[in-house]
Amino acid sequence: MAMVAPSLLSADFTNFAAALDFLEQAGADMVHCDVMDGSFVPNISFGQPMIAALRKKTKLPLDVHLMVQEPGRYVGEFAAAGADIITVHAEACTHLHRTLQQIKETGTKAGVALNPATPLSVLEYVMDYVDLILCMSVNPGFGGQKFIPAVFEKVRKAAKMILASKRDILLEVDGGVNEENAPELRKAGATLLVAGNAVFKNADSAAAIRHIRGDSLL
Ligand code: DX5
Ligand code: ZN
């Protein structure tokens, strides 16, 4: 079993309220919110006002994935908007340690995302500040991309690092996650799976959530 955080990036942008209602009914564990700045990644999505608006419409935890250059500039605003988890990219932070401290000071959980080419070793000296490790399984910027299989091994290694840290750290995988690769990701140690297209572009979105989480294994 793993938790599932469907990504709103693949939902109907004219009706996020309906997407949130659906996710609550379908038993999603969190809502994954992809914030893109058009600089760190080529795409622009939405920002703090959207997180504040979503916060008013749902009690589900908001898992905010900042694909933003120097995100330390904004973590206070995203925390105030109602984020439950703020995840920053190691590649986007000149001072990752400081940025993680900034997030922790807001009382929000702190995550670090790693692009597919970024080694886990960047986490070695900040593990004490990390509540979540996000292994990107596509190059960030767009939904609906193909899963990069090298990430299975990375997830296994990250799971070992987490075990060695003796801390309670979520292990999230994001990008191209679907009903086919979810079992192996769960086996590798992933505890939180993001799914955009596999949920929202599916004829049976609720079943997709159950299958990605591994409910049938109960
Ligand atoms: C990619 C985003 C992902 C993406 C997931 O830049 O961070 O969260 O929207 O969508 P799928 O599951 O369709 O790859
Ligand atoms: Zn994401």
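Student: Hey, could you go over the coordination of the zinc ion (ligand 2) for me, with residue numbers and the actual values?
Tutor: Geometry reference: four tetrahedral donors at a metal, ideal angle 109.5 degrees. Six octahedral donors, ideal angles 90 or 180 degrees. Here the zinc ion (ligand 2) is held by His32 (NE2), Asp34 (OD), His65 (ND1) and Asp174 (OD), and the distances to it run 2.0 to 2.3 Å. Coordination geometry of the zinc ion (ligand 2): the 6 donor atoms subtend angles of 71 to 171° at the metal centre, consistent with an arrangement described as octahedral. The sequence pattern describing where the donors of the zinc ion (ligand 2) fall on their chain is H-x1-D-x30-H-x108-D. Here aspartate 174 lies in strand 7 (residues 170–174) and histidine 32 lies in strand 2 (residues 31–36), a separation of 142 residues in the sequence.

Student: Mind laying out the side chain of histidine 65, listing which residues take part and the relevant values?
Tutor: Here histidine 65 is to be found in strand 3 (residues 62–67). Given the relative accessible area of 0%, histidine 65 is considered buried. Within the structure, the side chain of histidine 65 is placed 3.1 Å from the side chain of aspartate 34, a separation counted as a polar contact. When neighbours within four sequence positions are excluded, histidine 65 is seen to be in contact with His32, Cys33, Asp34, Val35, Thr87, His89, Ala113, Leu134, Met136 and Asp174.

Student: Provide a residue-level description of the pairing of strand 2, including the pertinent values.
Tutor: Of all 6 residues in strand 2, 6 are buried, a share of seventy percent or more. By the bridge criterion, 6 bridges tie strand 2 to strand 3 in an arrangement that is parallel. Among the inter-strand pairings, cysteine 33 is bridged to a residue of strand 3, identified as valine 64. Regarding the hand of the β-α-β motif, the stretch spanning strand 2, helix 2 (residues 48–57) and strand 3 is right-handed.

Student: Give a detailed account of the packing of aromatic side chains, specifying residues and quantitative values.
Tutor: Enumeration over the complete set of coordinates arrives at 5 aromatic pairs. Taking the centre distance of 6.1 Å and the plane angle of 50° together, the rings of phenylalanine 13 and phenylalanine 46 count as tilted. Of this pair, phenylalanine 13 sits in the loop between strand 1 (3–6) and helix 1 (16–26) while phenylalanine 46 sits in the loop between strand 2 and helix 2, and the two are 33 residues apart along the sequence. Judged by its relative accessible area of 44%, phenylalanine 13 falls in the partly exposed class. On the numbers, 5.0 Å between centres and 50° between planes, the contact of phenylalanine 147 with phenylalanine 152 is tilted.

Student: Can you break down the pattern of salt bridges residue by residue, with the values?
Tutor: This model, assessed by the stated rule, comprises 6 salt bridges. Via salt bridges that share partners, Asp29, Arg213 and Asp215 belong to a single interconnected network.

Student: Tell me about helix 1, and please be specific about residues and values.
Tutor: Regarding helix 1, the residues found buried are Phe16, Ala19, Leu20, Leu23 and Ala26. One face of helix 1 carries all of its buried residues, which in axial projection span an arc of 135°. Where the residues of helix 1 are buried, they touch strand 1, strand 2, helix 2, helix 7 (197–200) and helix 8 (205–213). The first or second residue beyond helix 1 is glycine 27, which carries a positive phi of 80°.

Student: Tell me about the pairing of strand 5 (residues 109–114), and please be specific about residues and values.
Tutor: Here strand 5 lies mainly inside the structure; 5 of its 6 residues are buried. Of the crossover connections in this fold, the one passing from strand 4 (residues 85–89) over helix 4 (residues 96–105) to the parallel strand 5 is right-handed. Relative to strand 6 (residues 132–136), strand 5 runs parallel, the two being bridged by 4 bridges. Pairing of valine 112 across the sheet is with isoleucine 133, part of strand 6.

Student: Please give an account of the environment of aspartate 12 that cites residues and values.
Tutor: Tracing the backbone shows aspartate 12 in the loop between strand 1 and helix 1. For aspartate 12 and phenylalanine 200, which are 188 residues apart along the polypeptide, the C-alpha to C-alpha distance reads 8.6 Å. At a separation of 2.7 Å, a polar atom in the side chain of aspartate 12 contacts the side chain of threonine 14.

Student: How would you summarise the sheet that holds strand 6 if you had to cite specific residues and measurements?
Tutor: Here 8 strands make up an open sheet; going across it, the order is 1-8-7-6-5-4-3-2 and the pairing parallel. Unpaired on one side and paired on the other, strand 1 and strand 2 mark the two borders of the sheet. Ignoring which end each strand starts from, the neighbouring axes of this sheet average 25° apart. The strands that helix 8 touches are strand 1 and strand 8 (192–195); relative to strand 1, the one it contacts most, it runs at about 140°.

About the cut-offs
- Residues numbered from 1 in each chain as written.
- Chains lettered and ligands numbered in written order.
- Predicted model: local features only at pLDDT ≥ 70, side-chain atom pairs only at ≥ 80, totals over all residues.
- Heavy atoms only, no water.
- Donors = N, O, S within 2.8 Å, 3.2 Å for Na, K, Ca; no water.
- Tetrahedral: all angles 85-135°; square planar, octahedral: opposite > 155°, others 65-115°.
- Helix = DSSP H or I, 4+ residues; strand = E, 2+ residues; numbered from the N terminus.
- Buried < 20%, exposed > 50% of the residue type's maximum accessible area, 1.4 Å probe, protein only.
- Polar contact = N/O pair within 3.5 Å; in protein donor to acceptor, adjacent residues only side chain to side chain.
- Contact = heavy atoms within 4.5 Å.
- Pairing = 2+ DSSP bridges.
- Right-handed = clockwise from strand over helix to strand, strands pointing away.
- Phe/Tyr/Trp six-rings, centres within 6.5 Å; stacked < 30°, edge-to-face > 60°.
- Salt bridge = Lys/Arg side-chain N within 4 Å of Asp/Glu carboxyl O.
- Arc of directions from axis to C-beta.
- Axes fitted to C-alpha atoms, helices over the stretch in contact; angles between N-to-C directions.

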